[in-house]
Amino acid sequence: MCQQTQIVTVLPYYERWLKRFPDWETLAQAPETDVLKHWEGLGYYRRARHLQNLARIVVRDFSGTLPQDVPSLLQLPGIGPYTAAAIASIAFGQKAALLDGNVQRVLTRVFAISSNLALGRTQKELQQLAAQLMPETHPGQHNQALMELGALLCSPRKPQCLLCPLQPICQAPDPEAFPVKDRPAPIRQLEKVCLILRDSRVWLSPTDAPGRWQGFHRLPLFDPARMELNTPLGQHRYSITKYRVQAEVWSASWKTTAPAGIWANLAQLRQIPLPAPHRKMLRLHPDFLAM
DNA sequence: AACCCGGGGCC
DNA sequence: GGCCCAGGGTT
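As the structure is a prediction and not an experimental result, all values here were calculated from the model.

The rules behind each value
Residues numbered from 1 in each chain as written. Chains lettered and ligands numbered in written order. Predicted model: local features only at pLDDT ≥ 70, side-chain atom pairs only at ≥ 80, totals over all residues. Heavy atoms only, no water. Salt bridge = Lys/Arg side-chain N within 4 Å of Asp/Glu carboxyl O. Helix = DSSP H or I, 4+ residues; strand = E, 2+ residues; numbered from the N terminus. Buried < 20%, exposed > 50% of the residue type's maximum accessible area, 1.4 Å probe, protein only. Core = buried A, V, L, I, M, F, W, Y, C linked by side-chain atoms within 4.5 Å. Domains from an automatic or database assignment. Contact = heavy atoms within 4.5 Å. Buried area = accessible area lost by both parts, 1.4 Å probe. Polar contact = N/O pair within 3.5 Å; in protein donor to acceptor, adjacent residues only side chain to side chain. Pairing = 2+ DSSP bridges.

Bringing the pattern of salt bridges into the picture now. Under the definition given, this model contains 7 salt bridges. Across the pair Asp34 and Arg20 runs a salt bridge whose closest N-O atoms are separated by 2.5 Å. Of this pair, Asp34 sits in helix H3 (residues 32–39) while Arg20 sits in helix H1 (residues 7–20), placing them 14 residues apart in sequence. When the shortest N-O distance is used, the salt bridge between Glu40 and Lys37 registers 3.0 Å. On the basis of relative accessibility, which here comes to 19%, the residue Lys37 falls in the buried class. Sharing partners across several salt bridges, the network here consists of Lys37, Glu40 and Arg279.

Take a look at the structure:
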């Protein structure tokens, strides 16, 4: 859950998740829509699918216990270099150095590394540095301390250098100039999103294809061959990955027979996994203010 | 190496 | 409005 997501955001999800899926066996056997529903709002939904896939592998191939070494962990779905080292060091006390956004920021500042973070050789340099800094004992605490330092003091903007224990050795003249990374401009998109209502129910389309929002339902985009627009309900702007989307939300109706999908009432809308921006667009209609 | 995947919180 | 977040997988 913590991959690319701030801890404070994760906390309530984590509590609900463990209450519903307290062990590998429970997660392995749960319906996928239930898994996605518990992840709704966190984003990067492939993480949820990977985690359930992982549960099934742990139950089937590892007798319900995670392997404890980095090379074995790296073979598992959803576990990359960071997560493998985090599990090995924090859960199993192994001497594995890890690199996350916080540690990258701390190290590039302390050692004044001004090469581009996106480059492989920069990552390799940081990984070697992290490994050299690893003490003989308490690897998990060391890793967590570095991440915590990055989160609380060595923050992206306005770092608290006066309070920082590494201030005496920090080589960055201007900490806020680190790390160096490229920031491509967002791609702007316009879209027309349709609210098609019948008897207090709204039409939702499935998202079956791999990619964004797989396994979710969503409000359909306007298709002039099948739909007609009735009245505009408003606009909703949202950002998703590299895109900045301006959505026009319309009340619309089918010109032809409806394709695959469902007519969802309020109770169903609360149970079905729906992308956050679509949930907000739905609220533009008075019938669904309660969403 | 480049690209894809979400959403919220903050300034 | 831009930036960042306890990244990983695929092409």
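The discussion continues.
Bringing the nonpolar core into the picture now. In this structure, Val202, Leu204, Leu219, Leu269 and Leu282 are the most contacted members of the largest nonpolar core, which totals 35 residues. Each of two domains, domain 1 (7–177) and domain 2 (187–288), supplies a minimum of three residues to this core. Leu282 has contacts with Leu195, Val202, Leu219, Leu269, Leu274, Phe288 and Met291, leaving out every residue within four places of it along the chain. Formed by 32 residues, the second largest nonpolar core is a distinct cluster that contains Val58, Leu98, Val110 and Cys154.

This brings us to the domain arrangement of chain A. Once the domains are mapped, chain A shows domain 1 (7–177) and domain 2 (187–288). One C-alpha centre belongs to domain 1, the other to domain 2; they are set 35 Å apart. With 6 residues of domain 1 at the contact, the number on the domain 2 side is 11 residues. For the domain 1 and domain 2 pair, buried surface summed over both sides reaches about 720 Å², with 57% attributable to carbon and sulfur atoms. By the criterion of area lost to domain 2, the three top residues of domain 1 are Lys37, Glu40 and Tyr45, representing 55% of everything that side buries. If you look at where domain 1 meets domain 2, you find 1 salt bridge. Note that Glu40 and Arg279 form a salt bridge whose closest N and O atoms lie 2.8 Å from each other. Here domain 1 is connected to domain 2 by 5 residue pairs in polar contact (both at pLDDT 80 or more). The leading source of residues in the side of domain 1 that touches domain 2 is H3, at 3 residues.

Glancing now at the pairing of strand E1 (residues 187–198). In this sheet, strand E5 (residues 243–254) lies alongside E1 in parallel orientation, the contact comprising 10 bridges. Paired with Arg188 across the two strands is Arg244, which belongs to E5. Here E1 runs beside strand E2 (residues 201–206); their pairing, made up of 2 bridges, is antiparallel. Within the sheet, the bridge partner assigned to Arg198 lies in E2 and is Arg201. Here E1 hands over to E2 after 2 residues, with Asp199 in that stretch at a positive phi of 55°.

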